[in-house]
Amino acid sequence: MAKAALKVGEKAPDFHLSDASGKIVSLKDFHGQRVLIYFYPKANTPGCTIEACEFRDWRGKFAKQGVAILGVSADAGKMLAGFAAKQKLNFTLLSDPTHEMIEAYGAWQMKKFMGRSFMGIVRSSYLIGPDGKIAKEWGKVKAKGHAAEVFGELS
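Rules and cut-offs
Residues numbered from 1 in each chain as written. Predicted model: local features only at pLDDT ≥ 70, side-chain atom pairs only at ≥ 80, totals over all residues. Heavy atoms only, no water. Pairing = 2+ DSSP bridges. Helix = DSSP H or I, 4+ residues; strand = E, 2+ residues; numbered from the N terminus. Axes fitted to C-alpha atoms, helices over the stretch in contact; angles between N-to-C directions. Contact = heavy atoms within 4.5 Å. Buried < 20%, exposed > 50% of the residue type's maximum accessible area, 1.4 Å probe, protein only. Phe/Tyr/Trp six-rings, centres within 6.5 Å; stacked < 30°, edge-to-face > 60°. Polar contact = N/O pair within 3.5 Å; in protein donor to acceptor, adjacent residues only side chain to side chain.

A separate point is the sheet that holds strand E8 (residues 124–128). Judged by pairing direction, the sheet is mixed, and its 7 strands sit side by side in the order E2-E1-E5-E4-E3-E8-E9 without closing on themselves. With one partner strand each, in any of the chains shown, strand E2 (24–26) and strand E9 (134–138) form the two edges of the open sheet. The sheet shows a mean angle of 30 degrees between the axes of neighbouring strands, direction not considered. Pairing of strand E3 (residues 34–39) with E8, which is carried by 5 bridges, proceeds in the antiparallel orientation. The residue bridging Val 35 from the neighbouring strand is Ile 128, located in E8. In the packing of helix H1 (residues 46–64) onto the sheet, contacts are made with E3 and strand E4 (67–73), and the angle to E3 comes to roughly 175 degrees. Together, E4 and strand E5 (92–95) form the strand contacts of helix H2 (residues 77–87), whose direction differs from that of E5 by roughly 160 degrees.

Along the polypeptide, Gln 87 turns up in helix H2. In this structure Gln 87 comes out as buried when scored by relative accessible area, which is 14%.

Structurally, Glu 51 is set in helix H1. Excluding its chain neighbours within four sequence positions, the residues that come into contact with Glu 51 are Tyr 38, Phe 39, Tyr 40, Arg 123, Val 141, Ala 143 and His 146.

Attention now goes to the pairing of strand E7 (residues 116–121). Taken together, the 6 bridges between strand E6 (residues 108–113) and E7 define a ladder with antiparallel strand orientation. Residue pairing in the sheet places Trp 108 in a bridge with Ile 121 of E7. The hairpin formed by E6 and E7 contains 2 residues between the paired strands, and Met 114 there has a positive phi angle of roughly 50 degrees.

The next thing to look at is the packing of aromatic side chains. Any two aromatic rings considered together are summarised by their centre-to-centre distance and by the angle between their planes. Considering all chains together, one arrives at 10 aromatic pairs under this definition. Aromatic pair Phe 39 and Tyr 126: ring centres 6.4 Å apart, planes at 85 degrees, arrangement edge-to-face. Residue Phe 39 is found in strand E3, and its partner Tyr 126 is found in strand E8; the two are separated by 87 residues along the sequence. By relative accessible area, which is 1% here, Tyr 126 ends up buried. Centre to centre, the rings of Tyr 40 and Phe 83 are 6.3 Å apart; their planes meet at 40 degrees, and the pair counts as tilted. In this pair, Tyr 40 sits in the loop between E3 and H1 while Phe 83 sits in helix H2, placing the two residues 43 residues apart along the sequence. Neither residue differs from the other here; Tyr 40 and Phe 83 are each classed as buried.

A word on unusual backbone geometry. For Asn 44, which is not glycine, the phi dihedral falls at a positive 70 degrees. Classification of Asn 44 as partly exposed rests on a relative accessible area of 39%.

Here Glu 51 falls in the buried class, since its relative accessible area comes to 1%. In sequence terms Glu 51 and Ala 143 are 92 residues apart; their C-alpha atoms lie 4.8 Å from each other. Among the polar contacts listed, one links the side chain of Glu 51 to the side chain of Arg 123, at a separation of 2.7 Å.

Geometric values such as these leave the question of function open.
In structure tokens:
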């Protein structure tokens, strides 16, 4: 059964996932910082490419606000490395092939596409405050314009 999405004020679940180069990244690595974690279904697909490129283009503005960006999917590290290189992504992509972290954040849900139902990653994002708690959450978002939407809500 899919876990419900996390709510504002809840402690963000820690994780230990590999980035595109195989380095292990943990939420604890960002202690005292704000972190935007966005979940996307699959690298190199149209919507995910639009979303990733928008976060790439907005990264400097996020950095000036003290916000690190992490993109998370179930894709293998090799695929993430190719996606990051092809799109010139300037933020960290994490691989969660077991869906453990994706499920902990409530992003693994029942989806419907072309008349069939299946479990998959729902495009969603969380802003984690310096205290390690969820500061804002965005569920079932549209790829286009999401980076600007998130940035507009930073305070």
